[in-house]
Amino acid sequence: MLTKEQVLKQYFGYDVFRPLQAEVIDTVLAGKDALVLMPTGGGKSVCYQVPALVLDGLTLVISPLIALMQDQVQGLKANGVSAAFLNSTLNQSEQESVIWKIKLGELKLLYISPERLFSGNFLDWLKGQKISLFAVDESHCISFWGHDFRPEYTQLHRLKEHFPRVPIIALTATADNVTRKDILQQLAIPQARTFLASFDRPNLNLTVLPGRKRMEQMVDFLNAHPGQPGIIYCLSRKTTESVAANLQYMGFNARHYHAGCDALYRNHTQAEFLRDDIQIIVATIAFGMGIDKSNVRWVMHYNLPKNVESFYQEIGRAGRDGLPADTVLFYSYQDVSQQTDMILKSELSQDQKDLLIAKLDRMKQYAQADICRRRILISYFNETVEKDCGNCDVCRNPRTKIDGTVMAQKVLSAIARTQQKVAMGTLIDILRGSRNQNIIRHGYDQLKTFGAGHELRYEEWAEYISQLLNSGIMDIAYDEGHAFKLNAVSQQVLREGKSVSVVKFIPLEERRARAEEE
Ligand code: ADP
Ligand code: ZN
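Residues numbered from 1 in each chain as written. Chains lettered and ligands numbered in written order. Predicted model: local features only at pLDDT ≥ 70, side-chain atom pairs only at ≥ 80, totals over all residues.

Named according to an unreviewed UniProt entry, the protein is DNA helicase RecQ originating from Siphonobacter curvatus. The Catalytic activity (unreviewed entry) comment attached to the protein in UniProt states, word for word, "Couples ATP hydrolysis with the unwinding of duplex DNA by translocating in the 3'-5' direction." Annotation of the protein in UniProt includes, under Sequence similarities (unreviewed entry), the sentence "Belongs to the helicase family. RecQ subfamily." (UniProt positions renumbered as here; feature names shortened; annotations may be inferred.)

**Q** I'm lost on the overall build of the protein in this one. Help?
**A** Looking only at helices and strands, the protein features 23 helices and 17 strands. For the protein, the spread of C-alpha atoms along the principal axes amounts to about 85 × 50 × 45 Å. Counting all 518 residues of the protein, 40% fall into the buried class. Within the protein, contacts between residues at least 6 apart in sequence are counted, and of these 74% link residues at least 24 apart. (Helix = DSSP H or I, 4+ residues; strand = E, 2+ residues; numbered from the N terminus. Buried ≥ 20, exposed ≤ 12 C-beta atoms within 10 Å, placed from the backbone. Contact = placed C-beta atoms within 7 Å.)

**Q** Help me understand the sheet that holds strand β6 (residues 168–172), please; the structure alone is not making it clear to me.
**A** Two strands in a sheet stick together by hydrogen bonds in their backbones, pointing the same way (parallel) or opposite ways (antiparallel). Pairing is parallel in the open sheet, where seven strands are placed in the order β3-β4-β2-β5-β6-β1-β7. In this open sheet, the two edge strands, each paired with only one partner strand, are β3 (83–86) and β7 (193–196). Within this sheet the neighbouring strands show an average axis-to-axis angle of 20 degrees, counted without direction. Bridge analysis of strand β2 (residues 58–62) against strand β4 (residues 109–112) gives four bridges, and the strand direction is parallel. Pairing of I62 across the sheet is with I112, part of β4. Helix α3 (residues 44–54) rests against β1 (34–37), β2, β4, β5 (131–136) and β6 of the sheet, and its axis sits at about 170 degrees to β5. (Pairing = 2+ DSSP bridges. Axes fitted to C-alpha atoms, helices over the stretch in contact; angles between N-to-C directions.)

**Q** How should the pairing of strand β10 (residues 254–257) be read in this particular structure?
**A** Remark: a regular strand shows side chains that alternate across the two faces of the sheet. Neither face of β10 is open: one carries A254 and H256, the other R255 and Y257, and all of them are buried. Sheet topology note: the β10/strand β11 (residues 280–283) ladder contains four bridges and is parallel. Across the sheet, the residue bridging to A254 is I280, located in β11. Note on the crossover from β10 through helix α12 (residues 263–274) to β11: the handedness is right-handed. (Right-handed = clockwise from strand over helix to strand, strands pointing away.)

**Q** Sorry if this is basic, but what is going on with the site of ligand 1 here?
**A** All residues adjacent to ligand 1 are Y14, F17, R18, Q21, M38, T40, G41, G42, G43, K44, S45 and V46. Of the residues forming the shell around ligand 1, the biggest block, three residues, is contributed by α3. (Near = placed C-beta within 6 Å.)

**Q** Any chance you could explain the nonpolar core here in plain terms?
**A** In summary, soluble globular proteins display a tendency toward joint burial of nonpolar side chains. Counting 79 residues, the largest nonpolar core has I232, V282 and L427 as the members making the most contacts within it. Ranked by residue count, the leading element in this core is helix α18 (residues 405–417), at six residues. Beyond its immediate chain neighbours, meaning those up to four positions away, I232 contacts V243, I280, V282, M300 and Y302. Listed in part, the 58 residues of the second largest apolar core include L35, A52, L110 and I112. (Core = buried A, V, L, I, M, F, W, Y, C linked by C-beta atoms within 7 Å.)

**Q** Sorry if this is basic, but what is going on with the sheet that holds strand β13 (residues 325–331) here?
**A** Taken together, six strands build an open sheet; the order of strands is β8-β13-β12-β9-β11-β10 and the sheet is parallel. With one partner strand each, in any of the chains shown, β8 (204–210) and β10 form the two edges of the open sheet. Within the sheet, the average angular offset between the axes of one strand and its neighbour, ignoring direction, is 15 degrees. Sheet topology places strand β9 (residues 230–233) next to β11; four bridges connect them, and they run parallel. Across the sheet, residue I232 finds its bridge partner in β11, namely V282.

**Q** I keep staring at the environment of R375 and nothing clicks. Help me out?
**A** Locating R375 in the fold gives a position in helix α16 (residues 373–380). Setting aside residues no more than four positions away along its own chain, R375 makes contact with V385 and D388.

**Q** Help me out: how do you make sense of the environment of L204 in this one?
**A** Its place among the elements puts L204 in strand β8. Spatially, the C-alpha atoms of L204 and G316 are 8.2 Å apart, while their sequence positions differ by 112 residues.

**Q** Looking at this structure, how should I read the environment of I142?
**A** Here I142 lies in the loop between β5 and α8 (157–162). Those residues in contact with I142, other than ones at most four positions away along the chain, are Y153, T154, L156, D182, I183, Q186 and L187.

**Q** Would you mind going over the packing of helix α1 (residues 4–12) against α3 with me for this structure?
**A** How two helices sit against one another is set out by the angle between their axes and by the gap between those axes. One way to put it is that α1 packs onto α3 with a least axis distance of 9 Å and a crossing angle of 105 degrees. In terms of axis orientation, α1 runs roughly perpendicular to α3. Facing K4, V7, L8, Y11 and F12 of α1, the residues of α3 in contact are V46, V50, L53 and V54. Its residues assigned to classes, the contact of α1 with α3 shows eight nonpolar, no polar and one charged. (Parallel < 35°, antiparallel > 145°, perpendicular 65-115°, else oblique. Nonpolar A, V, L, I, M, F, W, Y, C, P; charged D, E, K, R; others polar.)

**Q** So what exactly am I meant to see when it comes to unusual backbone geometry here?
**A** In most cases, non-glycine residues show a negative phi, while peptide bonds are predominantly trans. Although it is not a glycine, E138 adopts a positive phi angle of roughly 50 degrees. Structurally, the position occupied by E138 is in the loop between β5 and α8. Owing to 22 C-beta atoms within 10 Å, E138 belongs among the buried residues under this scheme.

**Q** Whenever I open this one, the packing of α18 against helix α19 (residues 424–432) confuses me. Can you help?
**A** Packing of α18 against α19 brings their axes to within 10 Å, and their N-to-C directions diverge by 115 degrees. Overall, the two elements α18 and α19 adopt an arrangement that is roughly perpendicular. The handedness of the crossing between α18 and α19 comes out as right-handed. Residues K410, A414 and I415 of α18 touch α19, and the partners they reach there are L427, I430 and L431. Split by residue class, the contact of α18 with α19 holds five nonpolar, no polar and one charged. (Left-handed = near helix turned anticlockwise from the far one by under 90°.)

**Q** It is not clear to me how helix α2 (residues 21–29) should be interpreted in this structure. Could you clarify?
**A** Inspection of α2 places Q21, V24, I25, T27 and V28 among the buried residues, and these make up the whole buried set. What you see down the axis of α2 is that its buried residues fit within an arc of 160 degrees, all on one side. Turning to α2, the residues buried within the fold contact α1, β1, α3, β5, β6 and β7. Positive phi shows up at G31, right after α2, with a value of about 85 degrees. (Arc of directions from axis to C-beta.)

Structure (structure tokens):
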């Protein structure tokens, strides 16, 4: 029997284990279950591939990523490991040949989709074979609370029932606390040791920009990063197409990508991006799973992602080579309300809705942070960061706080005088004294607060009102056309003069000028 160090050297050509790999492998070799959280590129595969080669018998790797199985198996074979995969892409005789290899005890690693694993009496049949280990890859898919739920994963509890003595190792690059608990519970491995690798990626520069004039800001950014490969993530397919078309029109080498594009186009586009023939991919979240391109220099989010896990995974595609890379998130109040709407109007149960809203809220906190953004991001994964990172926009440009009490009073009093029926646009029109059709029809131009905030521009009000909302000074009723509502804190501000502070608004032009200086 080879030791784990010998296997690492002989089959993978590496001399030393990365952080946590040796501990994880020892746990599995001792027959114990494990949950491994490592960021993408952290080296999860070695955690089950090495034990597979040390132990006697066959290791099953359960993965939902059918498209990647072939590559993984090819890679292993090239290293002299006897590996195969079983999924719906194989025809009958190919499947039979794999089954034969298992019977003959020739295979060390078998990649299998959950559908195939639970089809027919395969699981019962496996009981007659010598199984050394189960590896559940992308294990966050087991949890409804994860961001990539796969119903076929919910049957995985059967593994422990059928094979109580075979250790299970669950692996994922993305799982918050709730998802982690769920993984352990659903795999019926409550005692499993959890290994949490550091999620910090200090080479990623973090920036949030206001979500207005996105196109202009994007072009500024692209001009400052000529020729550098990058990805722009958008929420909808339509947006990917229009953004890519706009960029092409302006002479940039950009292409859209989403799950609705035909397979040929997708493969082509992906390959061209990998070869650096395309500079910019404008994509939905469909792009990136399993794409190994180390020199992506920047990732931009045109829209606010649904949760921190997705965001982290997407920005994680930049700077895999460890060299500096930029991440830019465009943030607007509209993005939040649109997503909130979608959640509320969905068919989900109240619990599920609450959770998705809470997750969106964490994303919002990141976007609105006036403390080091990396602290917020990393603390989401339950890690603590000892000091400010120095590599995010907040660290580089500390926020200036100003007194916002009078401003808040104007806002709240306008909300009160309109019977708490108005949403953002109308509220700003009232404050700025804009005499448009809508205002006149409702008689809002007769209000005492009409024009009380004419000294601020529309976008300034939009930003300050968002800040007030997010600091809990008022509420919003999404089910009443996003009308603002007063709450207990509003009363304190209005009646008791409770003081309010806000982060000073920086006009776009000024931000640009600063960026150019840097
Ligand atoms: P993950 O599955 O966590 O995204 P991989 O298992 O694909 O990551 O590993 C990422 C890269 O790191 C691969 O190229 C792999 O060969 C390499 N790698 C893994 N472990 C080691 C190690 N101990 N020493 C050097 N390179 C390693
Ligand atoms: Zn920072």
